[in-house]
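These are the residues of each chain, in order.
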Amino acid sequence: MRLSQSSLVFLLATGAVQALSFDNISSNIRRGADVAVSSVKSTVHNLFDRQASARKSTCPKIWSQIGSDLRQAFVSGGQCNDDARAAIRLVFHDCISGAGCDGSIILAKEYLRSENRGLEDIAVKVGNWAQQYNVGTADMIAFAAASGISACPGGPKINALVGRQDSYTPAPEGQIPSPKSSVTKLLSQFAARGFSATDMAALVGAHTAAKQFFAVPQKAGQPLDSTPGTWDTKFYSQTLDGSAPVSLDSDVKISRDDRTSAAFQRFQSQAAWAAAFVPAMNQMTTIGNSGQSLVDCTSSIKSASRGVAIRAAPLADRVREAEEQK
Ligand code: HEM
């Protein structure tokens, strides 16, 4: 049986009152009552103190509104759309370079660089949302990415933490992994941020929701697997067997390299991939901020299933969403 804090306080208080009435017959009733009352008071006080500190680390309400609005913005026809995929890529480019997830891709206008080509529209949109909702830009980028992933059917819930420090200082150029790089170079870029070869193989799986416009110009607009609107493992299987509409050179090399190919093969299982992707992505979205006391707003992320096929949503999600609507 679970008790709420208020019923616990009530039980404690009534228990103490009962104890007081038994004490009535004793000659030192006043002293006993004082002790009991002060002990109830201090219990109540402690509980309120704890509630207050719990409240301080509670997600600000605005994020629930943002979660609903982003679900609206990122789901089209029950699938994740172009803005959702761009938002997933945006957090990668903000976090992997410079001081980490600090909003500088928007605030220092890094999005205008050729290494960030294709991110201009989403950068402006996410920057405007941060202003409109009066929240941090780095937080808005990370929250949009988590919302983007959840907007794809099958997409896992990744942590949506807030409280990052924003920065207007541009990251050095040349730190964004290039599709033309060798696997050795890519591995060293990821290792510099604390990621293993397996982490890297799991993280590029985000290309399950990707289209490309500039890497292979003759196939501009084509997706990196046949189902860019859903979070499935076809990116892995189709990169391996060459049946994807288009594949990045880097993804093909990662799928074949001795250091990453076993993981790449293994991630054709959705469960194996999710188990590796979620912690790696949680690490990605806190680069440069892990020492900070971040607040958990994950429950404000709305999944693609909401309002479309709510019955198919996991029970925990449905309970959480019902709670949020109260
Ligand atoms: C080896 C590392 C990676 C390389 C070399 C790479 C490279 C690329 C390239 C070249 C594109 C297409 C850009 C264009 O031509 O329009 C792309 C798209 C994308 N990437 Fe990556 N990427 C890497 C890792 C990641 C990671 C770790 C994530 C996220 C966790 C990610 C998320 C995306 C998404 C969602 C898109 C699609 C964007 C859209 O459709 O607008 N990528 N990536």
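Residues numbered from 1 in each chain as written. Predicted model: local features only at pLDDT ≥ 70, side-chain atom pairs only at ≥ 80, totals over all residues. Heavy atoms only, no water.

> So what's going on with the packing of aromatic side chains? Which residues, and what values?
Throughout the structure, instances matching the rule amount to 13 aromatic pairs. Here the aromatic rings of W63 and F143 are separated by 4.8 Å at their centres, their planes lie at 45°, and the arrangement is tilted. In this pair, W63 is assigned in helix α3 (residues 62–74) and F143 in helix α7 (residues 137–151), connecting sequence segments 80 residues apart. Grouping residues by exposure puts W63 and F143 together as buried. With 4.8 Å between their ring centres and 75° between their planes, Y236 and F264 make a pair best called edge-to-face. Remark: F264 occurs in helix α12 (residues 261–266) and Y236 occurs in helix α10 (residues 234–241); sequence separation between them is 28 residues. Considered together, Y236 and F264 belong to a single accessibility category, that of buried residues. Ring pairing ties together the aromatic residues W231, F235, Y236, F264, F267, W273 and F277, which thus form one cluster. (Phe/Tyr/Trp six-rings, centres within 6.5 Å; stacked < 30°, edge-to-face > 60°. Helix = DSSP H or I, 4+ residues; strand = E, 2+ residues; numbered from the N terminus. Buried < 20%, exposed > 50% of the residue type's maximum accessible area, 1.4 Å probe, protein only.)

> Any details on the state of the cysteines? Residues and values, ideally.
Taken as a whole, this structure holds 3 disulfides when the rule is applied. Sulfur-sulfur distance for the disulfide between C59 and C297 comes to 2.0 Å. Between C59 and C297, the disulfide has an S-S torsion of 105° and is therefore right-handed. On the criterion of sequence distance, the pair formed by C59 in the loop between α2 (29–56) and α3 and C297 in the loop between β6 (295–296) and α14 (315–325) is long-range, its members being 238 residues apart. You'll find C59 and C297 in the same group, each marked buried. Between the sulfur of C95 and that of C101 lies a disulfide, 2.1 Å long from S to S. On the sign convention where negative is left-handed, the bridge of C95 and C101, at about 120° about the S-S bond, is right-handed. Owing to a relative accessible area of 0%, C95 belongs among the buried residues under this scheme. Going through the protein chain in sequence order and numbering each bonded cysteine, the pairs you get are 1-6, 2-5, 3-4. (Disulfide = S-S within 2.5 Å.)

> Account for the layout of surface pockets, naming residues and giving values.
Here the largest pocket defines a volume of roughly 1,300 Å³. Around the largest pocket sit 48 residues that line it, and R89, H93, P179, H207 and L248 are the ones nearest its centre. Mapped by element, the contributors of at least two residues to the lining of the largest pocket are α4 (82–95), α6 (120–133), α8 (183–191), α9 (197–203), β4 (211–212), α11 (249–256) and α13 (270–284). It is α4 that provides the largest number of residues to the lining of the largest pocket, a total of 8 residues. Classifying every residue of the lining of the largest pocket by side-chain character gives 25 nonpolar, 11 polar and 12 charged. Residue contributions to the lining of the largest pocket reach at least three from each of two domains, namely domain 2 (62–172 + 298–325) and domain 3 (183–283). (1 Å grid on protein atoms, 1.4 Å probe; cavity = no way out; pocket = protein on both sides within 12 Å on 5 of 7 lines; lining within 4 Å. Points joined across faces, edges and corners; volume = space filled by probe spheres on them. Nonpolar A, V, L, I, M, F, W, Y, C, P; charged D, E, K, R; others polar. Domains from an automatic or database assignment.)

> A description of the environment of E110 should follow, citing residues and the corresponding values.
Along the chain, E110 falls in the loop between α5 (104–107) and α6. E110 sits in the buried class, given a relative accessible area of 2%. Residues E110 and P170, spaced 60 residues apart in sequence, show a C-alpha to C-alpha distance of 6.6 Å. When sequence neighbours within four positions are dropped, the list of residues in contact with E110 reads S97, S104, I105, N116, T169, P170 and A171. (Contact = heavy atoms within 4.5 Å.)

> Give me the lowdown on unusual backbone geometry, citing residues and values where you can.
For K109, which is not glycine, the phi torsion reads 55° and is therefore positive. You can see K109 is positioned in the loop between α5 and α6. If you check the backbone angles, N134 has positive phi at about 60° while not being a glycine. On the secondary structure map, N134 appears in the loop between α6 and α7.

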